Amino acid sequence: MRIHDFYRNEALISLNGSIASLIPACFIIVGNLSFLKNQEIMLLAIPFFVYSFISFQFYLYKRNQSNSISKQLISRNGNGLLLDAQQLLVLHMNTTSSSLQLYFSNGFLAGSFEKVPKRGKEWRQPYKIYVLRSSEQFPLAFFVVKKQNGIKIEVYDQNKKYMGCMVKKNEPFKKDKKELFNETGELIGMIEGSPGFMDEKMWNLHEKQEGRLRRGWMPLQWSALFPNPNTPVLSFKVDLSQGDRLIRMSLLINEFFLER
């Protein structure tokens, strides 16, 4: 999957919304003409037609974006590994089963976050589970969200071995801060950000920045493939291990599935 597929899927969502909004409008018109025959009731159909028109315009806009991007991808090839990437672009697809997709700067899909549906007795459990998959749909890590006096996101590798966690405590009148712990419970860093806009900085215990998630910053050379300049960018230091990256990527669960 490539980035133009994301915009094509968004276009189809808008098209489905446009068609769906015509159904109640048709019921109003047909029902009124057949039974009530009241001209004022016909006005109730206008909001549905307006919404359908706007959704269809979004469909055309997203479809044109997808076509334009696909032409740019013809001369681009090559791919990398998700857990080795220095920079990833984050796109949230808000559907009935919302997912978070991660892309390399060349427009190729790097991986995705999805919520794991509960089965059987799991429905009684208060926690939620998310899985990080590669572009080939292989599971790379699991994230277990627990809410106890705040938020705790436990990180497990593909073999379900515990690696560490991110903890965010509810402390009124204090600056939002998230702490990172390794598998032995030792503090290894923290994440600080702004409540007003997305700019989350990851620090180690020596106050050196190891990663960052921010919106509104994107290199100009990426704009041909990612036309929205507010596309969030997740960046890491090159020397971070894959395990350390996974612990810090729990931030994405908190930002896109729990808070925003």
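Scroll up for the structure.
Residues numbered from 1 in each chain as written. Predicted model: local features only at pLDDT ≥ 70, side-chain atom pairs only at ≥ 80, totals over all residues. Heavy atoms only, no water.

K.L.:
What's the story with the overall build of the protein in this structure? I'm lost.
P.N.:
Counting its regular elements, the protein contains three helices and 12 strands. For the protein, the spread of C-alpha atoms along the three principal axes comes to 75 × 50 × 40 Å. Each of the 260 residues in the protein was classed as buried or not, and the buried ones make up 43%. Taking as baseline every contact in the protein between residues at least 6 positions apart, the subset at least 24 positions apart corresponds to 45%. In the form shown here, the protein has an accessible surface area of approximately 15,100 Å², with 55% of it arising from carbon and sulfur atoms. Looking at charge distribution, the protein has the averaged site of its 34 positive side-chain charges lying 5 Å from that of its 23 negative ones. (Helix = DSSP H or I, 4+ residues; strand = E, 2+ residues; numbered from the N terminus. Buried < 20%, exposed > 50% of the residue type's maximum accessible area, 1.4 Å probe, protein only. Contact = heavy atoms within 4.5 Å. Areas by Shrake-Rupley, 256 points an atom, 1.4 Å probe, with all protein chains shown as cover. Lys, Arg positive; Asp, Glu negative; His and termini not counted. Charge placed at Lys NZ, Arg CZ, Asp CG, Glu CD.)

K.L.:
How do you make sense of the sheet that holds strand β12 (residues 233–236) when you look at a structure like this?
P.N.:
Strand pairing in a sheet takes place through backbone hydrogen bonds and is either antiparallel or parallel in direction. Taken in spatial order, the 12 strands close into a barrel running β1-β2-β3-β4-β5-β6-β7-β8-β9-β10-β11-β12, and their pairing is antiparallel. Neighbour-to-neighbour, the strand axes of the sheet open up by a mean angle of 20°, direction not taken into account. Against the sheet, helix α1 (residues 3–36) touches β1 (87–93) and β2 (99–103), its axis set at about 15° to β1. Contacting β1, β2, β3 (109–115), β4 (128–134), β5 (139–146), β6 (150–157), β7 (162–169), β8 (177–182), β9 (187–192), β10 (199–204), β11 (209–214) and β12, helix α3 (residues 242–259) crosses the sheet at an angle of about 40° to β7. (Pairing = 2+ DSSP bridges. Axes fitted to C-alpha atoms, helices over the stretch in contact; angles between N-to-C directions.)

K.L.:
Would you mind showing me how to read the nonpolar core here?
P.N.:
Burial of nonpolar side chains together is a common tendency in soluble globular proteins. Counting residues in hydrophobic clusters, the biggest one holds 40 residues, and the most contacted among them are Leu 102, Phe 113, Leu 132, Phe 143, Leu 246, Met 249 and Leu 252. For this core, the element with the highest residue contribution is α3, accounting for nine residues. If we ignore the near neighbours within four places in the chain, the residues touching Leu 252 are Val 90, Leu 100, Leu 102, Phe 113, Leu 213, Leu 234 and Phe 257. Of all hydrophobic cores here, the second largest spans 14 residues; its members include Leu 91, Tyr 103, Leu 109 and Trp 222. (Core = buried A, V, L, I, M, F, W, Y, C linked by side-chain atoms within 4.5 Å.)

K.L.:
What am I meant to see in α3 here?
P.N.:
At 3.6 residues per turn, the α-helix brings residues three or four places apart onto the same side. Taking 1.5 Å per residue as the helical rise, α3 with its 18 residues ought to reach 26 Å, and the 25 Å between its terminal C-alpha atoms agrees with that figure. By the criterion of burial, α3 is predominantly enclosed, with 15 of the 18 residues buried. (Expected span 1.5 Å × (residues − 1).)

K.L.:
Would you mind going over α1 with me for this structure?
P.N.:
An ideal rise of 1.5 Å per residue puts 50 Å on 34 residues; α1 measures up with 49 Å between its terminal C-alpha atoms. Among the residues trailing α1, Lys 37 stands out with phi positive, at a value near 55°.

K.L.:
Even after reading the chapter, I still don't get the environment of Ser 14, so can you show me in this structure?
P.N.:
Position of Ser 14 among the secondary structure elements: in helix α1. For Ser 14, a relative accessible area of 17% gives the class buried. Taking C-alpha positions, Ser 14 is 28 Å from Gly 196, a pair spaced 182 residues apart along the chain. Excluding residues that lie within four positions of it along the chain, Ser 14 makes contacts with Ser 55, Phe 58 and Tyr 59.

K.L.:
Looking at this structure, I do not really get the pattern of salt bridges. What am I missing?
P.N.:
Side chains that carry opposite charge are capable of pairing whenever their charged atoms lie near each other. Inspection of every chain in the model, using the stated rule, returns 10 salt bridges. A salt bridge links Glu 154 to Lys 146, with the nearest nitrogen and oxygen atoms 3.4 Å apart. Given a relative accessible area of 7%, Glu 154 falls into the buried group. Judged by relative accessible area, Lys 146 falls into the partly exposed class, the value being 29%. Glu 210 is paired through a salt bridge with Arg 248; the nearest N and O atoms lie 2.7 Å apart. Here Arg 248 lies in helix α3 and Glu 210 lies in strand β11, a separation of 38 residues in the sequence. A residue is classified by how much of its surface remains accessible, and Glu 210, at 11% relative accessible area, is buried. Take Arg 248: its relative accessible area is 2%, and that puts it in the buried class. Taken together, the shared-partner salt bridges in this structure form one network comprising Lys 146, Lys 152 and Glu 154. (Salt bridge = Lys/Arg side-chain N within 4 Å of Asp/Glu carboxyl O.)

K.L.:
Is there a simple way to explain the packing of aromatic side chains in this structure?
P.N.:
Given two aromatic rings, their pairing is described by the distance between the two centres and the angle made by the two planes. Under the definition given, this model contains seven aromatic pairs. When the centroid spacing of 5.6 Å and the interplanar angle of 85° are considered together, the rings of Phe 6 and Tyr 7 count as edge-to-face. Note on accessibility: Phe 6 and Tyr 7 belong to one class, buried. Judged by centre distance (6.4 Å) and plane angle (70°), the ring pair of Tyr 103 and Phe 226 falls under edge-to-face. (Phe/Tyr/Trp six-rings, centres within 6.5 Å; stacked < 30°, edge-to-face > 60°.)

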